[in-house]
Amino acid sequence: ELLLTKGYEVYGVSRRSTRENKNMMNSEIHQRFNHVTMDVTDASGIPALIKDVQPDEYYNLAAMSHVGQSFKEPNTTLMIDGYAVSCALEGIRIYAPNCKFYQASTSELYGKVDEGESLNEQSPFRPRSPYAAAKLYAHNMVSVYRDSYNMHASCGILFNHESERRGLNFVTRKITNGVARVKCGIDRHVSLGNIDAIRDWGHAKDYVEGMWMMLQQESPDDYVLATGKTASVRDALEYVCDLADLDFKNVYKINEKFMRPADVPYLCGDSSKAQRVLGWEPQHDWKSLLSAMYKHDLTAAGREVYTYR
Ligand code: GDD
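Residues numbered from 1 in each chain as written. Predicted model: local features only at pLDDT ≥ 70, side-chain atom pairs only at ≥ 80, totals over all residues. Heavy atoms only, no water.

With that settled, the discussion passes to the overall build of the protein chain. Looking only at helices and strands, one finds 12 helices and 12 strands in the protein chain. Here the C-alpha atoms of the protein chain give a radius of gyration of 20 Å, agreeing with the 19 Å that 2.2 N^0.38 yields for 309 residues. Out of the 309 residues belonging to the protein chain, those deemed buried represent 47%. Sequence-distant contacts in the protein chain: of pairs separated by 6 or more residues, those separated by 24 or more amount to 79%. (Helix = DSSP H or I, 4+ residues; strand = E, 2+ residues; numbered from the N terminus. Rg over C-alpha atoms; globule rule 2.2 N^0.38 Å. Buried < 20%, exposed > 50% of the residue type's maximum accessible area, 1.4 Å probe, protein only. Contact = heavy atoms within 4.5 Å.)

Pasting the structure below:
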């Protein structure tokens, strides 16, 4: 959507599915949006598409993006989050060498971090999940292609970024949607895993601007995008329960099912390089983000109650 508002002709790829892809549908009404049915792990399909479209910019946001699920599907995760990135880089190298490439790297790369540490582009990566290990392969391949073939390929090391469109099985949306449903009397609890985890949550709208800015630079590079402010899952739950005028202690239940074999306990980013070089600055913090998400989910829950009453 950001690219469409900037006047780009956009090609968006999604797998064939018997169900429609709702996020894609938001763009499909636009004349300059072209939906392509393609699996990013197809080693010949993606290069053929690159040859055909001759893109100026390629944003690789495709991923098996759920860290918890990656423990259950380590090999699929590797194919989508690692191998598919090689396919795209090779396709660009061969068929569109002037195309600029953006890779969605992640704060999960840092893994086990001491509380209080602020993470930047120089901080070491110690992956703690199949997701992070696959993403580290992709991150390294981007720098290999940049150095070997002089490609304009950049990685955004993005800390958690959310919005009203966040999937219902990620913790922020689970909280805003879950609390809204408790408030409306649809559900009795929200079931959660590790509520001690601490994250640096920002708004996806701010982060896509940063991605675009990276590709407008003369030279490719890697950048951290983060707000620099942290909250625990418990803080997030308590804040949304306050908005709903509910006592958080009565709203949640811990369910072992949502615990990960290894979790990343603490993440806080230092985006000073992006601020200095790109002029990027986030407009939202975790509270304004969660209140916008809660407002959206409360409206939807209210509509559900009204419809089925
Ligand atoms: N999903 C989920 N569900 N997480 C829970 C729950 C729960 O019921 N209860 C506690 N958590 C904890 C997780 O253990 C984790 O520590 C934290 O909440 C955040 O989990 P997610 O919202 O699933 O996000 P993530 O931090 O693992 O990963 C997201 O952000 C990364 C950085 O940008 C994903 O979007 C990744 O794809 C992305 O790379």
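A word on the site of the ligand. Taken together, 26 residues surround the ligand, and among them Ser 65, Thr 106, Tyr 131, Arg 260 and Asp 263 come closest. One nitrogen or oxygen atom from the side chain of Arg 199 is found 2.9 Å from an oxygen atom belonging to the ligand. Relative to its unbound accessible surface of 720 Å², the ligand loses 96% to contact with the protein. Elements with a minimum of two residues in the shell around the ligand: helix H7 (171–183) and strand S7 (190–192). Of the residues in the shell around the ligand, the class split is 10 nonpolar, 10 polar and six charged. (Near = heavy atom within 4 Å. Polar contact = N/O pair within 3.5 Å; in protein donor to acceptor, adjacent residues only side chain to side chain. Areas by Shrake-Rupley, 256 points an atom, 1.4 Å probe, with all protein chains shown as cover. Nonpolar A, V, L, I, M, F, W, Y, C, P; charged D, E, K, R; others polar.)

Attention shifts here to the side chain of Lys 273. With respect to the secondary-structure elements, Lys 273 resides in helix H11 (residues 272–278). Of the residues examined, Lys 273 reaches a relative accessible area of 17% and is grouped as buried. Of the polar contacts made by the side chain of Lys 273, one reaches the side chain of Asp 221; its length is 3.1 Å. Engagement of the side chain of Lys 273 in a polar contact is seen with the backbone oxygen of Asp 222, the distance being 2.8 Å. Those residues in contact with Lys 273, other than ones at most four positions away along the chain, are Glu 121, Asp 221, Asp 222, Tyr 223 and Leu 278.

Another point: unusual backbone geometry. Glycine aside, a negative phi is what most residues show, and trans is what most peptide bonds show. Of note, Gln 54 is a non-glycine position whose phi angle comes to about 55°, a positive value. Non-glycine residue Asp 245 carries a positive phi angle of around 60°. Here Asp 245 shows up in the loop between helix H9 (233–244) and helix H10 (248–251). Among the residues examined, Asp 245 registers a relative accessible area of 67% and is labelled exposed.

Before going further, it helps to examine the pairing of strand S3 (residues 57–60). Going residue by residue along S3, you find Glu 57 and Tyr 59 tucked away on one face and Tyr 58 and Asn 60 tucked away on the opposite face as well. Where S3 lies against strand S4 (residues 100–106), four bridges are found, and the strand directions are parallel. Note that in S4 the partner of Asn 60 across the bridge is Gln 103. (Pairing = 2+ DSSP bridges.)

Take H9 next. Compared with an ideal rise of 1.5 Å per residue, which puts 12 residues at 16 Å, H9 spans 17 Å between its outermost C-alpha atoms and is within 8% of the ideal. Residues of H9 that are buried include every one of Val 233, Ala 236, Leu 237, Tyr 239, Val 240, Cys 241 and Ala 244, and no others. The first or second residue beyond H9 is Asp 245, which carries a positive phi of 60°. (Expected span 1.5 Å × (residues − 1).)

Geometrically, a packed helix pair is captured by the angle between its two axes and the distance between the axes. In the contact formed by H7 and H9, the axes pass within 10 Å of each other and the chain directions differ by 30°. Regarding the angle of H7 to H9, the classification is roughly parallel. The interaxial crossing formed by H7 with H9 has right-handed handedness. Mapping the contact onto sequence places Val 171, Ile 175, Thr 176, Val 179 and Lys 183 in H7 and Val 233, Ala 236, Leu 237, Val 240, Cys 241 and Ala 244 in H9. A per-class count over the contact of H7 with H9 returns nine nonpolar, one polar and one charged. (Axes fitted to C-alpha atoms, helices over the stretch in contact; angles between N-to-C directions. Parallel < 35°, antiparallel > 145°, perpendicular 65-115°, else oblique. Left-handed = near helix turned anticlockwise from the far one by under 90°.)

Counting residues in each nonpolar core, the largest one holds 25 residues, and the members touching the most others are Ile 175, Val 179, Trp 201, Leu 237 and Val 240. Mapped by element, the contributors of at least two residues to this core are H7, S7, H9, H10 and helix H12 (286–308). Residues within four places of Val 179 in sequence aside, it is in contact with Lys 174, Val 190, Leu 237, Val 240, Cys 241, Ala 244, Leu 246, Val 251 and Tyr 294. Core analysis: the second largest hydrophobic core is formed by 24 residues, Val 40, Leu 49, Ala 84 and Ile 92 among them. (Core = buried A, V, L, I, M, F, W, Y, C linked by side-chain atoms within 4.5 Å.)

On to the pattern of salt bridges, then. Applying the stated criterion across every chain yields a total of 13 salt bridges. The salt bridge involving Arg 93 is made with Glu 90; its shortest N-O contact spans 2.7 Å. In this pair, Arg 93 and Glu 90 are both assigned in helix H5 (residues 74–95), three residues apart and thus about one turn of the helix distant. Since its relative accessible area comes to 32%, Arg 93 is described here as partly exposed. (Salt bridge = Lys/Arg side-chain N within 4 Å of Asp/Glu carboxyl O.)

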